[in-house]
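Each chain, written out:
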Amino acid sequence: AGAPCVLTIAHDVTDRRLAEAEVEASRQQLRALASRQQRAREEERRAIAREVHDELGQLLTGVKLDVAWAHAHLPADTPIVRARLEGAIERIAGAMDVVRRIVTELRPAVLDDLGLVAALEWLADQFARMTGVRTTVTLPAADPPLDADGRTTVFRIVQEALTNVARHAAAKHVHLSLEADSRAARVVVRDDGRGITAAEIRDRRSLGLAGLHERALAAAGTLTITGSPGAGTEVRLVLPLVSTP
């Protein structure tokens, strides 16, 4: 009837807040589980690579030496046997190449023996040799102070990014860079290919891109993927550095 009034409506959001907290806690638990699984997988890869290299590699080397010895001591008037042994030596050498390739795919020794910078140089060189794409790198003289998980994360993300370039980008040039300051390491893989679209980036069915993001999150990092048609794609990873006293 013309008199001023105040209308107050209150909603109890306790249940919604609790549900949001539970969802966030579940998300953090899943990420922690994924991180542990990735570490366990890398350790398993390292162990299998070591076993294959040490056991099977040594076995094949011994067989090759024995066959080569037998070949060298054959009489000159046994051309058929000599030819068969020469073929066996070639096949053993081929098997040794397969073993080296499997070991490298499981866990490149250069990452553990020589460090991240050397591993990235090796990865870029292998990519260029396999694809014919001109590949350039900008890398520091020494490794940034990343822990073992961080180094593995950088290597695997760069490896997957280069694999995506080979499969989808139709690029002529790829540039890989790594730089670091006192707080973070930054890794960029940039190509001049067809360019990823916004729809492809948002596509939830793209398990490869989701795996890249999860790897970065598991290492407390951030991953951004940008691109435009005809202008190439950029994958940028930022990882916090290990604090030193």
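Conventions adopted
Residues numbered from 1 in each chain as written. Predicted model: local features only at pLDDT ≥ 70, side-chain atom pairs only at ≥ 80, totals over all residues. Heavy atoms only, no water. Helix = DSSP H or I, 4+ residues; strand = E, 2+ residues; numbered from the N terminus. Buried < 20%, exposed > 50% of the residue type's maximum accessible area, 1.4 Å probe, protein only. Contact = heavy atoms within 4.5 Å. Areas by Shrake-Rupley, 256 points an atom, 1.4 Å probe, with all protein chains shown as cover. Axes fitted to C-alpha atoms, helices over the stretch in contact; angles between N-to-C directions. Parallel < 35°, antiparallel > 145°, perpendicular 65-115°, else oblique. Left-handed = near helix turned anticlockwise from the far one by under 90°. Nonpolar A, V, L, I, M, F, W, Y, C, P; charged D, E, K, R; others polar. 1 Å grid on protein atoms, 1.4 Å probe; cavity = no way out; pocket = protein on both sides within 12 Å on 5 of 7 lines; lining within 4 Å. Points joined across faces, edges and corners; volume = space filled by probe spheres on them. Salt bridge = Lys/Arg side-chain N within 4 Å of Asp/Glu carboxyl O. Pairing = 2+ DSSP bridges.

From N to C terminus, the protein chain includes seven helices and five strands. Element order for the protein chain, N to C, with α for helix and β for strand: α-α-α-α-β-α-β-β-α-α-β-β. In terms of overall dimensions, the protein chain has a C-alpha envelope of 125 × 40 × 40 Å along the principal axes. Among the 245 residues that make up the protein chain, the fraction classed as buried is 31%. Considering only contacts in the protein chain between residues 6 or more positions apart, those separated by 24 or more positions represent 66%. Surface exposure of the protein chain reaches about 15,800 Å², of which carbon and sulfur atoms provide 57%.

One way to put it is that helix H4 (residues 116-131) packs onto helix H5 (residues 148-169) with a least axis distance of 11 Å and a crossing angle of 15°. Between H4 and H5, the interaxial angle falls into the category roughly parallel. For the crossing formed where H4 meets H5, the hand is right-handed. Within the contact between the two elements, H4 uses Leu116, Ala119, Leu120, Trp122, Leu123, Phe127 and Thr131 and H5 uses Arg151, Val154, Phe155, Val158, Gln159, Leu162, Val165 and Ala166. Considering only residue class, the contact of H4 with H5 consists of 12 nonpolar, two polar and one charged.

This part is about empty space enclosed by the protein. Scanning the entire structure with this criterion turns up one cavity of 30 Å³ or more. Here the largest cavity is characterised by a volume of approximately 30 Å³. Considering the residues around the largest cavity, the lining is formed by Ile157, Val158, Ala161, Val187, Val189, Val235 and Leu237. It is H5 that contributes the most residues to the lining of the largest cavity, three residues altogether. Here the residues of the lining of the largest cavity are counted per class, giving seven nonpolar, no polar and no charged.

One pass over the structure, following the stated rule, counts eight salt bridges. Close ionic contact of Arg16 with Glu20 constitutes a salt bridge, the shortest N to O distance being 4.0 Å. Within this pair, Arg16 and its partner Glu20 are both found in helix H1 (residues 14-72), separated by four residues, close to a single helical turn. By relative accessible area, which is 47% here, Arg16 ends up partly exposed.

The next point concerns the sheet that holds strand S4 (residues 222-227). With respect to topology, five strands assemble into an open sheet ordered S1-S2-S3-S5-S4, the strand pairing being mixed. Of all strands in the sheet, those bounded by a partner on one side alone are strand S1 (134-138) and S4. Averaged over all adjacent pairs, the angle separating strand axes in this sheet is 10°, with direction ignored. Where strand S2 (residues 173-180) and strand S3 (residues 184-191) come together, seven bridges link them in antiparallel fashion. By the bridge assignment for S3, Leu178 is matched with Val187. Strands S1 and S2 of the sheet are contacted by H4, whose axis makes an angle of about 175° with S2. Contacting S2, S3, S4 and strand S5 (233-240), H5 crosses the sheet at an angle of about 10° to S3.

This paragraph deals with the layout of surface pockets. For the largest pocket, the calculated volume is near 850 Å³. Looking at the largest pocket, it is lined by 23 residues, and the ones nearest its centre are Glu105, Leu123, Arg156, Gln159 and Thr163. Every element with two or more residues in the lining of the largest pocket is listed here: H1, helix H2 (79-106), H4, H5 and helix H7 (207-218). Looking at the lining of the largest pocket, its residues break down into seven nonpolar, eight polar and eight charged. In this structure, the second largest pocket encloses a volume near 440 Å³. What lines the second largest pocket is a set of 21 residues, among which Asn164, His168, Arg194, Ile196 and Leu209 lie closest to the centre. In terms of residue count, the dominant contributor to the lining of the second largest pocket is H5 (seven residues). When grouped by side-chain class, the residues that make up the lining of the second largest pocket number nine nonpolar, six polar and six charged.

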